Amino acid sequence: MTDTPLLISGPFTGEEEERLKNACPSVRVATLDAVGGLSEAARGGIRAVAFKGHNRFGGAVMDLLPNLGVIANFGVGYDAIDVSAASERGVKVTNTPDVLNDDVADLAVGLALTFFRRMVVGADWVASGQWPTKGEMPLNRKLSGSKVGIMGLGRIGREIADRFAAFKCELHYHARSEKETPGWTFHADPVGLARAVDVLVVALVGGDQTRNYVSREVIAALGDRGVIVNISRGTTIDEGALLDALESGAIAGAALDVFLNEPNIDPRFLELENVVLQPHQGSGTVETRRAMAELQLENVRNFLEGRPLATPVN
Ligand code: 8YV
């Protein structure tokens, strides 16, 4: 066993990695795939993993680290980590909730606005130098006052709903149970939610329990004026059904920050004109990523120094 208790497993940015390195006298850096290549003594010394990314962190990797006590995730969503496997092995998992709610909610509204007001087309109208010859841009759609459905009214979903309320939208939502809200309409059935709204914003947690929750039937219920916004995980939507609906015009469009198989997304998306696509950047501001890094580090430090974890999930 060595006295290097922290493993950093990213992809972290240089600044994030430096911060972790500065906080701990001695660290190891390795992708999950490379853990097996570390010496037995090195693996035995590791008690905490600072983890970032969306590659599977399963029981097999945990078994390579016999003294692992905590996996501190950089992100609110921890669907990449097999939490049951961790619990079975007595390994704690932590995440970074709340600090990213505003940014993810801002992006959800920004995606809807970008789709409705076609700002990508507008930017090109100007940047291409063709405004003088093409004249006025074709009219687009009004977002304010429209009917918005939030799928998953957790911490991020609520921030999104509050923002759309400020846009004078009629708010609908689907969640496991009815919540106390300022007059928003609860739908026990996701299909009923989709049928009632123009914009369906997906703010579900990821993981097996929500896989394809936005099913072919939900997508069809949205109708040909309907728009899907997804800032959660690609897994929450039946992506094949979504692509079919976008290609056929069964729905008006989609504005997406998340996909299956990021960053190698389905090439069918690249052929579409009725989409706004972003590279999973919901929490990607300097301020928020710093706050996430600090919370992750707090969890690592607390664990290594024997204090209670700040944000445990198991
Ligand atoms: C990721 C995210 O943390 O918090 C989440 O659940 O999806 C993101 O903020 C980020 O992409 C780094 O993996």
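The rules behind these values
- Residues numbered from 1 in each chain as written.
- Predicted model: local features only at pLDDT ≥ 70, side-chain atom pairs only at ≥ 80, totals over all residues.
- Heavy atoms only, no water.
- Pairing = 2+ DSSP bridges.
- Helix = DSSP H or I, 4+ residues; strand = E, 2+ residues; numbered from the N terminus.
- Contact = heavy atoms within 4.5 Å.
- Axes fitted to C-alpha atoms, helices over the stretch in contact; angles between N-to-C directions.
- Polar contact = N/O pair within 3.5 Å; in protein donor to acceptor, adjacent residues only side chain to side chain.
- Salt bridge = Lys/Arg side-chain N within 4 Å of Asp/Glu carboxyl O.
- Buried < 20%, exposed > 50% of the residue type's maximum accessible area, 1.4 Å probe, protein only.
- Near = heavy atom within 4 Å.
- Areas by Shrake-Rupley, 256 points an atom, 1.4 Å probe, with all protein chains shown as cover.
- Nonpolar A, V, L, I, M, F, W, Y, C, P; charged D, E, K, R; others polar.
- Phe/Tyr/Trp six-rings, centres within 6.5 Å; stacked < 30°, edge-to-face > 60°.
- Lys NZ or Arg CZ within 6 Å of the ring centre and 35° of its normal.

### Quick look at the sheet that holds strand S7 (residues 170–174)
Link 1 in the chain: The strand order across the open sheet formed by seven strands is S8-S7-S6-S9-S10-S11-S12, and the pairing between neighbours is parallel. Single-partner strands in this sheet number two, and they are strand S8 (185–186) and strand S12 (275–277).
Link 2 in the chain: Note that strand S11 (residues 253–256) and S12 share three bridges and pair parallel. Counted as the bridge partner of Ala255 is Val276 from S12.
Link 3 in the chain: Set on the sheet, helix H8 (residues 155–166) makes contact with strand S6 (147–151), S7 and strand S9 (199–202); between it and S6 the angle comes to about 175°.
Link 4 in the chain: Against the sheet, helix H11 (residues 239–248) contacts strand S10 (227–230), S11 and S12, and its axis sits at roughly 135° relative to S11.

### Some thoughts on the environment of Lys52
Link 1 in the chain: Assignment of secondary structure puts Lys52 in the loop between strand S3 (48–51) and helix H3 (59–63).
Link 2 in the chain: Sequence spacing of Lys52 and Ser9 is 43 residues, and the spatial spacing of their C-alpha atoms is 6.4 Å.
Link 3 in the chain: Setting aside residues no more than four positions away along its own chain, Lys52 makes contact with Ser9, Gly10, Pro11, Phe12, Thr13, Glu16, Phe74 and Arg289.
Link 4 in the chain: Reaching out from Lys52, the side chain makes a polar contact with the side chain of Glu16 at a distance of 2.8 Å.

### Describing the pattern of salt bridges
Link 1 in the chain: Under the counting rule described, the total for this entry stands at 18 salt bridges.
Link 2 in the chain: Two residues, Arg233 and Asp79, come together in a salt bridge whose shortest N-O distance is 2.9 Å. Taken together, the residues Arg233 in the loop between S10 and H11 and Asp79 in the loop between strand S4 (70–73) and helix H4 (83–88) connect sequence positions 154 residues apart.
Link 3 in the chain: For Arg233, a relative accessible area of 14% puts it in the buried group.
Link 4 in the chain: Judged by its relative accessible area of 27%, Asp79 is partly exposed.
Link 5 in the chain: Connected via shared salt-bridge partners are Glu15, Arg19, Arg290 and Glu294.

### Thoughts on the site of the ligand
Link 1 in the chain: By nearness alone, 13 residues border the ligand, and Val76, Gly77, Arg233, His280 and Ser283 come closest of all.
Link 2 in the chain: In the model, an oxygen atom of the ligand is placed 2.8 Å from a nitrogen or oxygen of the His280 side chain.
Link 3 in the chain: Measuring from an oxygen atom of the ligand, one finds a side-chain N or O atom of Ser283 at 2.5 Å.
Link 4 in the chain: Taken by itself the ligand offers 330 Å² of open surface, and the protein chains cover 90% of this.
Link 5 in the chain: Broken down by class, the residue content of the shell around the ligand amounts to four nonpolar, six polar and three charged.

### Observations regarding the side chain of Asn274
Link 1 in the chain: Inspection of the secondary structure assignment puts Asn274 in the loop between S11 and S12.
Link 2 in the chain: The class of Asn274 is buried, set by a relative accessible area of 17%.
Link 3 in the chain: Among the polar contacts listed, one links the side chain of Asn274 to the backbone oxygen of Leu246, at a separation of 3.0 Å.
Link 4 in the chain: Not counting the four nearest positions on each side in its chain, Asn274 is found in contact with Phe115, Leu246, Ile251, Ala252, Gly253 and Ala254.

### Observations concerning the packing of aromatic side chains
Link 1 in the chain: For the structure on display, the rule yields six aromatic pairs.
Link 2 in the chain: With a centroid separation of 6.2 Å and an interplanar angle of 70°, the aromatic rings of Phe115 and Phe116 are classed as edge-to-face. Here the two residues Phe115 and Phe116 agree in accessibility, since each one is buried.
Link 3 in the chain: Both rings, one in Tyr173 and one in Phe186, keep their centres 5.4 Å apart while their planes meet at 50°; by these two values the pair is tilted. Of the two residues, Tyr173 is situated in strand S7 and Phe186 in strand S8; the sequence distance between them amounts to 13 residues.
Link 4 in the chain: The class for Tyr173 is buried, based on a relative accessible area of 1%.
Link 5 in the chain: Given the relative accessible area of 22%, Phe186 is considered partly exposed.
Link 6 in the chain: Between the NZ or CZ atom of Lys52 and the centre of the ring of Phe74, over which it lies, the distance is 4.8 Å.
Link 7 in the chain: Its end group placed over the ring of Trp125, Lys134 keeps NZ or CZ at 4.0 Å from the ring centre.

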